[in-house]
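Notes for the structure review
Spelled out from the first residue to the last, the chains are:
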Amino acid sequence: MSGLAINDVTKQFGDFKAVDSLDLSVPHGTFVCLLGPSGCGKTTLLRMIAGLEEPTSGSIVIDGQDITGVPTHQRNFGMVFQSLALFPHLSVGDNVSYALRIRGTPREEQRRRADELLKLVHLPGFADRPVAKLSGGQRQRVAIARALALSPRLFLLDEPMSALDAKLRESMQVELRQLQQRLGITTIVVTHDQREAMTMADLVVVMGQGRIRQAASPIEIYRKPADAFVADFIGSTNLLEIATDSAGRAMVQGAAIPGLAPPNGAAKASISIRPEDVRIAAAGAGTLDGTVTFVRDLGATIETYVDVGGPTIVAVTTPRERVDAKAGDRVGVVLPAESCVVVKS
Amino acid sequence: MRREAPKSLADYAPLVFPGLMLIVFFVVPFSTMIAVSFFQRDPAGFYTVAFTLDNYGRFISLFFGRVLGFSLMLSVLVAICCVAIAFPFTYLLTKQSRKVQTVWLVVLLSVLSLSEVIIGFAWSTLFSRTAGITNLFVWLGLMNEPVALLPSFGAVLTGMVYQALPYTVLVLYPALVRLDPTLLEAARTLGSSPVRAFFNVVVPALRNTVVATVIMVFVFALGSYLLPQILGRPQHWTLSVLITDQAIYQSNMPFAAAMAVFLVLISLALVGLTLFAGRKENAL
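Each value, and the rule that gives it
- Residues numbered from 1 in each chain as written.
- Chains lettered and ligands numbered in written order.
- Predicted model: local features only at pLDDT ≥ 70, side-chain atom pairs only at ≥ 80, totals over all residues.
- Helix = DSSP H or I, 4+ residues; strand = E, 2+ residues; numbered from the N terminus.
- Buried ≥ 20, exposed ≤ 12 C-beta atoms within 10 Å, placed from the backbone.
- Contact = placed C-beta atoms within 7 Å.
- Nonpolar A, V, L, I, M, F, W, Y, C, P; charged D, E, K, R; others polar.
- Core = buried A, V, L, I, M, F, W, Y, C linked by C-beta atoms within 7 Å.
- Pairing = 2+ DSSP bridges.
- Axes fitted to C-alpha atoms, helices over the stretch in contact; angles between N-to-C directions.
- pLDDT = per-residue confidence, 0-100.
- Parallel < 35°, antiparallel > 145°, perpendicular 65-115°, else oblique.
- Left-handed = near helix turned anticlockwise from the far one by under 90°.
- Domains from an automatic or database assignment.
- Arc of directions from axis to C-beta.

The subject of this paragraph is the overall build of chain A. Looking only at helices and strands, chain A features nine helices and 20 strands. Taking the principal axes of its C-alpha atoms as reference, chain A extends roughly 80 × 45 × 35 Å. Taking all 345 residues of chain A together, the buried fraction comes to 42%. In chain A, once contacts between residues fewer than 6 apart in sequence are set aside, the share between residues at least 24 apart is 64%.

Structural data, given as structure tokens:
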């Protein structure tokens, strides 16, 4: 098979299983985001792919070749580190062409390739500058160019944007995605930022406690989260406990949601509904009644917090569909059945 | 944090104590020494106040030139050996667990508590024919009969490296601990084997630290005057030994002072040259 396959990989640090019998297959040319809270094992997984950590068990296969025991420097994977790890004693050009120098490529060829790569990351003419004189975004680009110098089989990035400010991060995400598509290179990015994952990825892998909770396209993850953990981690959501009453109807906070299939089985379940799917109506006209506790008017969107006798439901509306609710008002909350996803809690 | 230049006289108060100590214990004795180096020796007593260049004139001879050359060569060699041993050692030490690091650092610090005399006599025992390490080699079947390894140049070098090594490790340790470990990992992902990455990433990234450490050990070794006497032959005696000899046994203070001043000037010149060369290289 062309691409990367991770077969039943486990990594144990003492008693702690950082990665727990994980399986994942990544087709060639795919942009994958490993997403999860800190300590979920995503960085450990990336480091195992890079060969910087050895799996306790399992195998890692690329294009049909088992590379589990191959040392890092023979893998030809490009990697961008969280700290970027630019060599402080080398110029920008020498940083970029380091991999070529190690291979004994002629000096002019190194120079030519460095110029080409720097042009690719929009830093033409920077080759002779010292690394210390670059801005955060420029250092980021140099790290990317350096990792791509040998046209690697796999491009790995460990929280590459974490040092950048919010605005720059957004534009770098777009740039990185465009670069990946132009080169058609299989790319794996570790991130804890779900916006970053949604922007760039073909395949989002949500991890928690060393396991894959869900691996799917960004929109599927957002619309059909596999469980409460994924729903809560990707974007913001309203998680409400759901019960089945004697008549077999799905009940939330004592109110039936018409048209929603009740969860099967006795296991505890919740519904996840995105704030933008919740509608505010007049008191008595919605699924549930509640009291507005806070209105956050952000200009582009308005978030209304409604206390429905226990949990607080957040509704996001645009100014065009403005609801004139103030804190303290009694309102109705509409939870459309088609927007509710039943998830295991 | 922005540093503000001291404005009032009171802002300089913290400098009074160190300044005073520096004047009392460095400027005054050193100036005295410079003054004495121009005085006339009085064979009957100590010295008489005069102004003569004889002391410096006497120094300019083949014999003293050779001793000076040997002293500088020995110190450079000690500095290079120390850094060559201590750098990889300290690097590997920083990769160990905290507990292991603490144990090693405590052991190294305890070596610092040994005086030069004890180190000298310990090594002279270890290098002796009757009780030395060659007996161990004989017992292991590596040698036919025990031999004395001293007095010799190797013995002097070993003793001095042993003495300076803990300082070297302690100076390198903070810089190596702070070194970003991902630098080495980055080099490995770029196709460099770990050993190669150590030499073309870790070492150059810490070049300034290495140069500073070499200079420190060099200056430290230059002042050593007991080990060459205990472990070496007279031709292995350094200028510091001769200075001690002149000052204490020959009671020729002016000449000893002249040699000391000369030694300080030469070492300062060498250190300055090293720093100058380093700056020039950095600018390129």
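Glancing now at the overall build of chain B. Across its full length, chain B carries 13 helices and two strands. Its C-alpha atoms give chain B principal-axis dimensions of about 75 × 70 × 35 Å. Across the 284 residues in chain B, those meeting the buried criterion constitute 29%. Sequence separation of 24 or more characterises 66% of the internal contacts of chain B that already satisfy a separation of 6 or more.

This part covers unusual backbone geometry. Residue and element names in this part refer to chain A. With phi around 50 degrees, Asp-8 is a residue other than glycine that occupies positive phi space. Note that Asp-8 resides in strand E1 (residues 3–13). One non-glycine residue, Ser-21, lies in the positive phi region at around 30 degrees. Position of Ser-21 relative to the elements: it lies in strand E2 (residues 16–27). A tally of 13 C-beta atoms within 10 Å means that Ser-21 is categorised as partly exposed.

A few words now on the interface of chain A and chain B. Accessible area lost on assembly of the parts is the figure often given for the size of an interface. Listed by partner, the interface residues are 19 residues for chain A and 15 residues for chain B. Mapped by element, the contributors of at least two residues to the side of chain A that touches chain B are strand E6 (77–80) and helix H3 (98–102) of chain A. In terms of residue class, the side of chain A that touches chain B is made up of twelve nonpolar, six polar and one charged.

All right, on to the nonpolar core then. Core analysis: the biggest nonpolar cluster contains 106 residues, and Cys-33, Leu-34, Leu-156, Val-205 and Val-333 of chain A have the highest contact counts within it. The residues contacting Val-205 of chain A, other than those within four sequence positions of it, are Leu-24, Val-32, Cys-33, Leu-34, Leu-35, Ile-212 and Ala-215 of chain A.

Before going further, it helps to spend a moment on the sheet that holds strand E15 (residues 279–282) of chain A. Residue and element names in this part refer to chain A. An order of E15-E19-E16-E17-E18 is seen for the five strands of this open sheet, with the pairing classed as antiparallel. Across the chains shown, the open sheet's two edge strands, defined by having one partner strand only, are E15 and strand E18 (312–317). Geometrically, the sheet is characterised by an average inter-axis angle of 45 degrees between neighbouring strands, direction not taken into account. Bridge analysis of E15 against strand E19 (residues 330–334) gives four bridges, and the strand direction is antiparallel.

All names here are of chain B. Mean pLDDT for chain B: 85, with 96% of residues reaching 70 or above. Mean pLDDT across the elements of chain B ranges from a minimum in strand E2 (residues 47–48), with 76, to a maximum in helix H7 (residues 153–178), with 91. For this predicted complex, the interface score ipTM comes out at 0.80, while the overall pTM is 0.77.

All names here are of chain B. Relative to each other, H7 and helix H10 (residues 207–222) sit at 150 degrees, their axes nearing to 10 Å. By the criterion of interaxial angle, the relationship of H7 to H10 is roughly antiparallel. Handedness of the H7/H10 crossing: right-handed. Along the contact surface, H7 presents Met-160, Ala-164, Tyr-167, Thr-168, Val-171, Leu-172 and Ala-175, while H10 presents Thr-209, Thr-213, Met-216, Val-217, Phe-220 and Ala-221. Residue composition of the contact of H7 with H10, by class: ten nonpolar, three polar and no charged.

A few words now on the pairing of strand E17 (residues 302–307) of chain A. Residue and element names in this part refer to chain A. The sheet contact formed by strand E16 (residues 288–297) and E17 spans six bridges and is antiparallel. Paired with Asp-297 across the two strands is Ile-302, which belongs to E17. The loop that links E16 with its antiparallel partner E17 comprises four residues; one of these, Gly-299, has a positive phi angle of about 90 degrees. Counting the residues that bridge the hairpin from E17 to E18 gives four residues, and of these Gly-309 lies at a positive phi of roughly 75 degrees.

In this section: the domain arrangement of chain A. All names here are of chain A. Under the domain assignment used here, chain A contains domain 1 (3–228) and domain 2 (236–344). If you average the C-alpha positions of domain 1 and of domain 2, the two centres end up 39 Å apart. In this assembly, four residues from domain 1 lie in contact with six residues from domain 2. Here the residues of the side of domain 1 that touches domain 2 sort into two nonpolar, no polar and two charged.

Within the element layout of this structure, His-73 of chain A appears in the loop between strand E5 (65–66) and E6. Each C-alpha atom, one on His-73 of chain A and one on Ala-99 of chain A, is 9.9 Å from the other, the two residues being 26 residues apart in sequence. Setting aside chain neighbours within four positions, we find His-73 of chain A in contact with Arg-188, Gly-191, Ser-192 and Ser-193 of chain B.

Residues and elements named next belong to chain A. Taken together, five strands build an open sheet; the order of strands is E13-E12-E11-E14-E20 and the sheet is antiparallel. This sheet does not close on itself; its edge strands, each paired only once, are strand E13 (255–256) and strand E20 (341–344). Here strand E14 (residues 269–273) pairs with E20 via four bridges, running antiparallel. Looking at the pairing, Ala-269 lines up with Lys-344 of E20.

Residues and elements named next belong to chain B. Looking only at helix H5 (residues 116–126), the buried set comprises Gly-120, Trp-123 and Ser-124. The buried residues of H5 occupy an angular sector of 105 degrees when the element is viewed end-on, so they sit on one face. Contact partners of the buried residues in H5: H7 and helix H11 (227–231).

This brings us to the packing of helix H8 (residues 182–189) of chain B against helix H9 (residues 194–205) of chain B. Residues and elements named next belong to chain B. Their axes nearest at 9 Å, the elements H8 and H9 cross at an angle of 135 degrees. Here H9 runs oblique to H8, going by the angle between their axes. Seen along the crossing, H8 lies across H9 with a hand that is right-handed. Of the residues in H9, those touching H8 at Leu-183, Leu-184, Ala-187 and Arg-188 are Pro-194, Ala-197, Phe-198, Val-201, Val-202 and Ala-205.

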